[in-house]
Amino acid sequence: MPPARPTPALSTEFAGYAHALTDAVCLHVPGPAWMTVGDPAEGPDLAGHYRRALARGVPEAEDDRRYGFGLGAACVSWALIRLERFALLDARPPGDRSRPQLVATLEAAAHTARSHRALPHLTAWLQRIAALLRGRWPDADQDFTDPVRFPAYQARHAPSM
């Protein structure tokens, strides 16, 4: 019997090079596992902490215009990647939580880009698509800003036992 291989302390399965602002997207736009993100006005400013830490190594992160455009572009990019799942989600039955999650993602990306005055035409397009999906999927027409119904970073699915 061969000796057991030690388990690595750090998994590098998804390791790679990416733009620093792609890491910040999860602070502004829902990921696959949750419906909403934290509002900096309501709690700890995770996005501000991230930006300040980034600026220590990348001074350009202190420039509001450059940072805002890059962050807006990263959030819009993530929303477009998630929108690629439209046909799959459209085939799912009403009540599937992936549908409102996609609407929340599109709206959050549009909100982030708009708040940084970045990509106004793409931002408007994302808002129009989200509105169309709200009409197409009545179960996705919800108020994602309600912190009681949609607490920040709450798992979208109940953990399986």
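Since we're looking at a predicted model, the values are computed, not measured.

Trainee: Could you give me a rundown of helix α2 (residues 46-57), with the residues and numbers involved?
Mentor: The first and last C-alpha atoms of α2 sit 18 Å apart over 12 residues, in line with the 16 Å expected at 1.5 Å per residue. What α2 keeps buried is the set A47, G48, R51, L54 and A55. One side of α2 carries all its buried residues, which in axial view fall inside an arc of 125 degrees. Turned more than 90 degrees off the buried face of α2, the exposed positions are R56 and G57. Structurally, α2 contributes buried residues whose contacts are with α1 (20-24) and α3 (64-83).

Trainee: Can you explain the nonpolar core? Please cite residues and give values.
Mentor: The biggest cluster of nonpolar side chains holds 32 residues, and the ones touching the most others in it are Y67, L102, L106, L126 and L133. Of all elements in the fold, only α1, α2, α3, α5 (98-115) and α6 (120-136) reach the threshold of two or more residues within this core. Setting aside chain neighbours within four positions, we find L102 in contact with R82, L83, L89, L133 and W137.

Trainee: How would you summarise the packing of α5 against α6 if you had to cite specific residues and measurements?
Mentor: One can describe the packing of α5 onto α6 by two numbers: an axis separation of 9 Å at closest approach and a directional angle of 155 degrees. Judged on the interaxial angle alone, α6 and α5 are roughly antiparallel. When you trace α5 past α6, the crossing you get is left-handed. Residue-level inspection shows L102, V103, L106, E107, A109, A110, A113 and R114 of α5 in contact with α6, the latter providing T123, L126, Q127, I129, A130, L133 and R134. Of the residues belonging to the contact of α5 with α6, the class tally is 10 nonpolar, two polar and three charged.

Trainee: Any chance you could break down a nonpolar patch on the surface for me, citing the residues and the numbers?
Mentor: Together, L80, L122 and W125 give the surface a local cluster of nonpolar side chains, amounting to about 230 Å² of exposed area. With respect to the element layout, L122 can be found in helix α6. With a relative accessible area of 35%, L122 lands in the partly exposed category.

Procedures and definitions
- Residues numbered from 1 in each chain as written.
- Predicted model: local features only at pLDDT ≥ 70, side-chain atom pairs only at ≥ 80, totals over all residues.
- Heavy atoms only, no water.
- Helix = DSSP H or I, 4+ residues; strand = E, 2+ residues; numbered from the N terminus.
- Expected span 1.5 Å × (residues − 1).
- Buried < 20%, exposed > 50% of the residue type's maximum accessible area, 1.4 Å probe, protein only.
- Arc of directions from axis to C-beta.
- Contact = heavy atoms within 4.5 Å.
- Core = buried A, V, L, I, M, F, W, Y, C linked by side-chain atoms within 4.5 Å.
- Axes fitted to C-alpha atoms, helices over the stretch in contact; angles between N-to-C directions.
- Parallel < 35°, antiparallel > 145°, perpendicular 65-115°, else oblique.
- Left-handed = near helix turned anticlockwise from the far one by under 90°.
- Nonpolar A, V, L, I, M, F, W, Y, C, P; charged D, E, K, R; others polar.
- Patch = residues over 30% accessible without salt bridge, like charges linked within 9 Å, V, L, I, M, F, W, Y side chains within 5 Å.
- Areas by Shrake-Rupley, 256 points an atom, 1.4 Å probe, with all protein chains shown as cover.
- Salt bridge = Lys/Arg side-chain N within 4 Å of Asp/Glu carboxyl O.

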